[in-house]
Amino acid sequence: MWTEEAAATAEARESGIRNKSSSSSQIPVVGVVTEDNEAQGVFKPMDLNRVIKLLEETDKDGLEEKQLKFVKKLVQCFQNGLPLRDLAQIFKILNLCAGKIKNQPRFVESAYDIIKLCSLPFLKKKVSDEITYAEDTANSIALLGDLMKIPSSELRIQICKCIVDFYHAEPPKKHIPGYQQASSSYKIQMAEVGGLAKTMVQSITLLEHQLVEKLWVLKVLQHLSTSEVNCTIMMKAQAASGICTHLNDPDPSGQLLFRSSEILWNLLEKSSKEEVIQQLSNLECLLALKEVFTNLFMRGFSHYDRQLRNDILVITTIIAQNPEAPMIECGFTKDLILFATFNEVKSQNLLVKGLKLSNSYEDFELKKLLFNVIVILCKDLPTVQLLIDGKVILALFTYVKKPEKQKIMDWSAAQHEELQLHAIATLSSVAPLLIEEYMSCQGNARVLAFLEWCESEDPFFSHGNSFHGTGGRGNKFAQMRYSLRLLRAMVYLEDETVNTDLCEKGTIQQMIGIFKNIISKPNEKEEAIVLEIQSDILLILSGLCENHIQRKEIFGTEGVDIVLHVMKTDPRKLQSGLGYNLLLFSTLDSIWCCILGCYPSEDYFLEKEGIFLLLDVLALNQKKFCNLILGIMVEFCDNPKTAAHVNAWQGKKDQTAASLLIKLWRKEEKELGVKRDKNGKIIDTKKPLFTSFQEEHKIIPLPANCPSIAVMDVSENIRAKIYAILGKLDFENLPGLSAEDFVTLCIIHRYLDFKIGEIWNEIYEEIKLEKLRPVTIDKKALEAITTASENVGKMVASLQSEIIESQARQDVQNEQKVYAKIQATHKQRELANKSWENFLARTSNAKTLKKAKRLQEKAIEASRYHKRPQNAVFHGTDIKGLNTTVPSGGVVTVESTPARLVGGPLADTDIALKKLPIRGGALQRVKAVEIVDAPKKSIPT
């Protein structure tokens, strides 16, 4: 009820407005438009402060009539809108009228008329008025919420109508010169600033048994909840729980449930979802939701009822995500399971007796929502027994079968396909919790038979319309995808009963067959789906074969072949984002679980160059694969045939496997922050393997069953694996290493010694921290071990220095050789240049040519044998008339080209040059071409 205290509260809210407004030196005035001056646009001044002062007066005769008259006159003045600059005083007048209602009921009408004015546009004289009077406007609009406490039905309804009109702004009835309408969203913004939503939420508690007013308040909250700001205010005012608990209040119109569900939706979407869920997670709210949903499920037949039913179920599903929600305690979980399965598993429960879902869109959506809520509910382990009692596994398995011809179905083909996929997806979540029920329903046999149909060539047109049917249009990929997901979920339970049953039914051979079939029919259009299917097959095979030699033998060479096929994938596809990374991880897992430990499979893998493929992937230098590949390599190195394959591998730029492993070691140490100098040499001989993490986290005493940081370091990085592989390859005979590699190899070779010393150092430090004093012999032993470890570090550092110095000397020698080669090259160029200059001189200077000729003849003569035998025949080797100083070949005489062809002595020079006779000289007329045999040479004897 409206009390004097409430009026005082509202008056206090207005005091700030009054003080701010009254600080102006001018008295606010408004134009009163009368019949005489309306056409001329003249405004009659009206003193609003006088009206306020009059309303504040008491104990005078005839005062009430005078007050009502002035308020009525005020209402007539503002029939076209409320100026923003006068809004604070108008609402002050409204507040004063409201305060008088309890003792003077006639003021209800005055307050009603003023509130009605709030539906009119707010007017601004200046553009800046919206900002200038923002605070006054926000406080004034907030006052509307406070007035909801007045126990007047018509007043409350008018307030709600006024607020609703904020969202349906209309232009002013008449234009007033000098004024403009405030922006259409101005009232809405001011309502947010003033916190109107909070007072409207609180007013619901005043309307417990007043349906009409309650519906109007819900309508207001429905409009207010379209804003995130208002939703946050409503959420803090506990609107969600307050509205939800009244869902079942009597309402013949059905508006209460509709508007309440709309408000709850908006709160979940536009405010803190977690906080709203927390408000709704109480027994009272869930009982209300349960009753509403049950009534709509059993008695709702209209399109509207079915939609509302589905909305309530979605809200319930969101609440069920909170493990603290008492879904089981209120009996809602049991009912939801019943509603989800009654079509497939016959029940005598009265709630579903005689009920049947149609194939309408709303009922189809309901079925999918029920499957979805089962997935949510099964995350709460106490629900498991209810799932067993409701025979959920059996109900879901009714969909895991190939379509039967000539069978009347409750759903259309597209709907049945979508429900089938949804049911299989639901089984993937539920079946691992209900292993006994899964096995009693022959789950493995059903799924394998369904997979066999998926692989077959039976004609089947898949619609692929749903979320679960993605990539399955016109094929059976979607069915195969979700069936394999179900099998994978069951296999990875590591339940021996399930896995043995699968193997006895030939699952390994069937999986390999499906994989081969997919490989033989590449499908680039649905590549991502195909890759996921392949990954799941390999993971299923890994789960079945792990730690079982006999199953690995069944995997055999056919299984190795599919693994090798994936390993040969183009590395560039790993960056495509389609799922090749996941497929490669699955493949590496299958190598570990299905091949390692089975010697025939290992030998076949090596024979097919599997180690080469592993090293190729390792050389891609992708950290996510390194750890797993190195672990596989460590296990493979137990096979004596592996070392030869590893040493024979060559990567880019003739990189060897040993060089690659050492490079990975350096990269790992750099990421771990291990201290090394620029040459990779040990800096701290006491802690040669210490990482930055170990430096930051000091040694602390730990229980005996907790591994220390030094021990954990072994498994948390790849250094131990690299050490193990290189150790099995023999540190002394590693091919293709550089000096830098040898420097790093010195550390790797002593990794185990360093790690043992590091652990002993931890033990020694822990003893000190615990203030324990070991006996003399133990103390000497600890000191000896520490000293020995440090000496190993010094020895390795010394060896590294020798390698570095040796390499430096070798680099100097190589540099000198390169310089000598460069020098010889330059000298040769100088000789060639000098020879060319001499040649040019001979061809351009006759004297030089003659001189060269004489020198040539002299040299020839000096080289001859002067003592001739008596009967020897001398043959001259000189060609008479020769004007060259270079060795000559066969002499050819070419008849000059006829003048008629070259155009005479003034012919084009280029053509003339092209036609020069071989014997030289100017163009001449030669009658014939004659080839003269080269003179026979004989060696004087």
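Look a little higher up for the structure.
Keep in mind that what you see is a predicted model, and the values were worked out from it rather than measured.

## Quick look at the packing of aromatic side chains
Argument step 1. Counting across every chain of the model gives 16 aromatic pairs.
Argument step 2. Seen from their ring centres, Phe297 and Phe342 are 6.0 Å apart, and the 80 degrees between their planes marks the pair as edge-to-face. Of this pair, Phe297 sits in helix α16 (residues 283-299) while Phe342 sits in the loop between α18 (332-341) and α19 (361-377); the two residues are 45 residues apart in sequence, bridging distant segments of the chain. Neither residue differs from the other here; Phe297 and Phe342 are each classed as buried.
Argument step 3. Considering the side-chain rings of Phe605 and Phe636, the 5.1 Å spacing of their centres and the 20 degrees angle between planes classify their relative orientation as stacked. Separated by 31 residues along the polypeptide, Phe605 in helix α31 (residues 599-607) and Phe636 in helix α33 (residues 623-636) bring together distant segments of the chain.
Argument step 4. With relative accessibility at 0%, the residue Phe636 sits in the buried group.
Argument step 5. Within the aromatic cluster, the residues linked to one another by ring pairs are Phe293, Phe297, Phe332, Phe339 and Phe342.
Argument step 6. Over the ring of Trp453 we find Lys476, and its NZ or CZ is 4.6 Å from the ring centre.
Argument step 7. The ring of Tyr764 is capped by Lys768, whose NZ or CZ atom sits 4.6 Å from the centre of that ring.

## Digging into the pattern of salt bridges
Argument step 1. Here the structure, examined in full by the defined rule, presents 29 salt bridges.
Argument step 2. One salt-bridge network, held together by shared partners, links Glu669, Arg676, Asp713, Arg719, Lys755 and Glu758.

## Describing the environment of Leu584
Argument step 1. Examined against the element boundaries, Leu584 turns out to sit in helix α30 (residues 580-595).
Argument step 2. Residue Leu584 is classed as buried on the basis of its relative accessible area of 5%.
Argument step 3. Sequence separation between Leu584 and Leu574 is ten residues; the distance between their C-alpha atoms is 8.6 Å.
Argument step 4. When neighbours within four sequence positions are excluded, Leu584 is seen to be in contact with Met567, Leu574, Val617 and Phe625.

## A look at helix α22 (residues 413-430)
Argument step 1. Compared with an ideal rise of 1.5 Å per residue, which puts 18 residues at 26 Å, α22 spans 25 Å between its outermost C-alpha atoms and is within 8% of the ideal.
Argument step 2. With 15 of 18 residues buried, α22 is to be regarded as a mostly interior element.

## Looking at the nonpolar core
Argument step 1. Counting residues in hydrophobic clusters, the biggest one holds 237 residues, and the most contacted among them are Ile93, Met200, Leu221, Ile591, Leu614 and Leu726.
Argument step 2. It is helix α28 (residues 527-545) that provides the largest number of residues to this core, a total of ten residues.
Argument step 3. If we ignore the near neighbours within four places in the chain, the residues touching Ile93 are Leu48, Val51, Ile52, Leu55, Val71, Leu74 and Ile114.

## Regarding helix α42 (residues 846-863)
Argument step 1. The end-to-end C-alpha distance of α42, which contains 18 residues, comes to 25 Å, matching closely the 26 Å that a straight helix rising 1.5 Å per residue would cover.
Argument step 2. The buried fraction of α42 amounts to one of the 18 residues, a small share that puts the element mostly on the outside.
Argument step 3. The opening residue of α42, the one whose side-chain oxygen lies 3.0 Å from the backbone nitrogen of Lys847, is Asn845.

## Thoughts on the sheet that holds strand β3 (residues 180-181)
Argument step 1. One open sheet accounts for three strands, arranged β1-β2-β3; its pairing is mixed. Lying at the two open borders of the sheet, with one neighbouring strand each, are β1 (82-83) and β3.
Argument step 2. By the bridge criterion, two bridges tie β1 to strand β2 (residues 122-124) in an arrangement that is parallel. Each residue of the ladder has a partner; that of Pro83, found in β2, is Leu123.

Rules used throughout
- Residues numbered from 1 in each chain as written.
- Predicted model: local features only at pLDDT ≥ 70, side-chain atom pairs only at ≥ 80, totals over all residues.
- Heavy atoms only, no water.
- Phe/Tyr/Trp six-rings, centres within 6.5 Å; stacked < 30°, edge-to-face > 60°.
- Helix = DSSP H or I, 4+ residues; strand = E, 2+ residues; numbered from the N terminus.
- Buried < 20%, exposed > 50% of the residue type's maximum accessible area, 1.4 Å probe, protein only.
- Lys NZ or Arg CZ within 6 Å of the ring centre and 35° of its normal.
- Salt bridge = Lys/Arg side-chain N within 4 Å of Asp/Glu carboxyl O.
- Contact = heavy atoms within 4.5 Å.
- Expected span 1.5 Å × (residues − 1).
- Core = buried A, V, L, I, M, F, W, Y, C linked by side-chain atoms within 4.5 Å.
- Polar contact = N/O pair within 3.5 Å; in protein donor to acceptor, adjacent residues only side chain to side chain.
- Pairing = 2+ DSSP bridges.

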